[in-house]
Amino acid sequence: MGEAFRFSVRVKPGARREVVGGRWGEGALIVAVAAPAVEGRANEAVCKALARAFGVRARDVAVVAGERGRDKVVQVDPAPAAAPEVLERLLGG
């Protein structure tokens with residue numbers, strides 16, 4: 001486990017199924033979650049989905065910017081050593 005790792009995400013709340021993967025715009029990771037964008041439920045679902053994708057605990061993932069919008073900055077702390085590679089794979093690179 002290393003230092004904190006931050007990256008941009010584009011959230012699609014209210015999706016039919018949870019999907020982590022794909023590139024939005026300049027390189028934001030697309031995260032689709034079934035939870036609605038109400039009372040922080042989508043943010044919580046995003047953190048859980050990203051925790052599974054990165055192989056960390058949900059409490060190690062936090063939204064650090066853009067809490068109320070679809071475009072967010074997320075931090076994984078502590079991040080696994082392979083976090084940059086996992087992100088690149090999820091982006092489709």
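Structure report, in brief. Predicted model only: the values in this text are computed from it and were never measured.

1. Describing the overall build of the chain
- Secondary structure assignment for the chain yields two helices and five strands.
- Here the chain has a C-alpha radius of gyration of 12 Å; the compact-globule value for 93 residues is 12 Å, and the two agree.
- Taking all 93 residues of the chain together, 39% fall into the buried category.
- Within the chain, residue pairs in contact and separated by at least 24 positions form 48% of the contacts whose partners lie at least 6 positions apart.
- In the structure as shown, the chain presents an accessible area of about 5,500 Å², 48% of it carried by carbon and sulfur atoms.
- Positive and negative charge centroids in the chain, built from 15 and 11 side chains respectively, lie 8 Å apart.

2. Quick look at the packing of aromatic side chains
- Applying the stated criterion across every chain yields a total of three aromatic pairs.
- Where Phe5 meets Phe7, the ring centres are 5.6 Å apart and the plane angle is 40°; that geometry is what we call tilted.
- Residue classification places Phe5 among the buried residues on the basis of a relative accessible area of 17%.
- Following the ring pairs from residue to residue traces out a cluster consisting of Phe5, Phe7 and Phe54.

The rules we used
Residues numbered from 1 in each chain as written. Predicted model: local features only at pLDDT ≥ 70, side-chain atom pairs only at ≥ 80, totals over all residues. Heavy atoms only, no water. Helix = DSSP H or I, 4+ residues; strand = E, 2+ residues; numbered from the N terminus. Rg over C-alpha atoms; globule rule 2.2 N^0.38 Å. Buried < 20%, exposed > 50% of the residue type's maximum accessible area, 1.4 Å probe, protein only. Contact = heavy atoms within 4.5 Å. Areas by Shrake-Rupley, 256 points an atom, 1.4 Å probe, with all protein chains shown as cover. Lys, Arg positive; Asp, Glu negative; His and termini not counted. Charge placed at Lys NZ, Arg CZ, Asp CG, Glu CD. Phe/Tyr/Trp six-rings, centres within 6.5 Å; stacked < 30°, edge-to-face > 60°.

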